[in-house]
Amino acid sequence: MSITSAQLQTALGTNPMNARVLKTDGTGTWGTVQRWYVMGNVDAPGRARWVETTASDDAATQAAAVLVALRT
């Protein structure tokens, strides 16, 4: 089950200062992973990067993985 960028954004938070999903790299085209380009804002100041998450995970789990990747 792949999630949409809107679902991931909702899980990250909808405050304009939360981490933002800027782009997705063809949801579902990578098979078992999804790729997101995210900007950290106050959740990870000064960070933006491509993050791969497990496509079968729900939005909350993927959001947690995105935040960990942004902060490391």
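Presented here is a report on the structure given in the accompanying data block. This structure is a prediction, so every number in the text was calculated from the model and none was measured. (Residues numbered from 1 in each chain as written. Predicted model: local features only at pLDDT ≥ 70, side-chain atom pairs only at ≥ 80, totals over all residues. Heavy atoms only, no water.)

### Observations regarding the sheet that holds strand β2 (residues 33-39)
Overall, antiparallel pairing links the three strands, which are arranged β1-β2-β3 in an open sheet. Looking at strand neighbours, the two that pair on one side only are β1 (20-24) and β3 (48-54), the edges of this open sheet. Going across the sheet, the axis of each strand differs from the next one's by a mean of 40°, ignoring polarity. In the sheet, β2 pairs with β3 via seven bridges, with the strands oriented antiparallel. Bridge assignment links Val33 to a residue of β3, and that residue is Thr54. Helix-sheet contacts for helix α1 (residues 5-12) involve β1 and β2, and the interaxial angle to β1 is about 160°. Those strands touched by helix α2 (residues 59-71) are β2 and β3, and its axis lies near 140° from that of β3. (Pairing = 2+ DSSP bridges. Helix = DSSP H or I, 4+ residues; strand = E, 2+ residues; numbered from the N terminus. Axes fitted to C-alpha atoms, helices over the stretch in contact; angles between N-to-C directions. Contact = heavy atoms within 4.5 Å.)

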